[in-house]
Amino acid sequence: FMRFAGPIFIVIQCKVVLYSFMTLLVASRKDVVSLAAHTCMLRIFFLMATFGDSMGQAAQAFLPDFLTFDRKKIKTLKKLPKSENQTLLRKFKLLSYKIMRRLIGMSVISGTILSLTSWLIPIKLPHLFTT
């Protein structure tokens, strides 16, 4: 279980420590305005990170299968004639590159949109954060 969940657990723990440390640094300034601004920006970040994280999870779920061969696939390919083997291998590589390009393109587009949205919310809608 730890072989599978260990890396994710470490990443999540590092994120929690980093966000807590950032908040602690801002709170130690004893300035209410900077703490409020930090809280607002952190909330916007968490809102936008939800969409980016789903893109990362999709990439982590689909890409490893396309980028690696397991032993069963290799044994199946070895049973086929060499010409068919090469054709299937070439098709598989083309499909994996196509999916990678599509995921990278979608990630760049969604990252740009989310970054612009995160930048525009405090500038164009500051009344959302005040009473």
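Residues numbered from 1 in each chain as written. Predicted model: local features only at pLDDT ≥ 70, side-chain atom pairs only at ≥ 80, totals over all residues. Heavy atoms only, no water.

**A word on the layout of surface pockets**
To find leftover empty space, one rolls a probe the size of a water molecule over the atoms. We apply this condition: A pocket, in this scheme, is an open set of points on a 1 Å grid over the protein atoms alone with protein on both sides within 12 Å along at least 5 of 7 lines, while a cavity is a set where a 1.4 Å probe fits but cannot get out; residues line either one if an atom lies within 4 Å of a point. Grid points are joined across faces, edges and corners, and a volume is the space filled by probe spheres set on the points. All residues other than Ala, Val, Leu, Ile, Met, Phe, Trp, Tyr, Cys, Pro, Asp, Glu, Lys and Arg, Gly among them, are scored as polar; the first ten of these are nonpolar and the last four charged.
One number sums up the size of the largest pocket: a volume of about 180 Å³. Lining the largest pocket are Ile8, Val11, Ile12, Lys15, Asp53, Gly56, Gln57 and Gln60. Taken together, the residues of the lining of the largest pocket sort by class into 3 nonpolar, 3 polar and 2 charged.

**Some words on the confidence of the model for the protein**
Put simply, the rule reads: Each residue carries a pLDDT score, the predictor's confidence in it, ranging from 0 to 100. Helix and strand labels come from DSSP, where a helix needs a run of H or I of at least four residues and a strand needs a run of E of at least two; each type is numbered from the N terminus.
Mean pLDDT over the protein stands at 80; residues scoring 70 or higher make up 85%. Predicted confidence in the protein is weakest over helix α3 (residues 71–79), with a mean pLDDT of 62, and strongest over helix α1 (residues 2–27), with 84.

**Describing a nonpolar patch on the surface**
How we decide: Like charges within 9 Å and nonpolar side chains (Val, Leu, Ile, Met, Phe, Trp, Tyr) within 5 Å are joined into patches, using only residues over 30% in relative accessible area that form no salt bridge. To measure how exposed things are, a 1.4 Å probe is used in the Shrake-Rupley method; for residues, cover is taken only from the protein chains shown. Any Lys or Arg side-chain nitrogen located within 4 Å of an Asp or Glu carboxyl oxygen qualifies as a salt bridge. Summary of the burial criterion: residues with accessible area below 20% of their type's maximum are buried, those above 50% are exposed, and those between are partly exposed, where the area comes from a 1.4 Å probe applied to protein chains only.
Residues Leu116, Trp119, Leu120 and Ile123 make up a contiguous nonpolar surface patch of roughly 400 Å² in combined accessible area. Turning to its location among the elements, Leu120 is positioned in helix α4 (residues 82–124). For Leu120, a relative accessible area of 34% translates into the label partly exposed.

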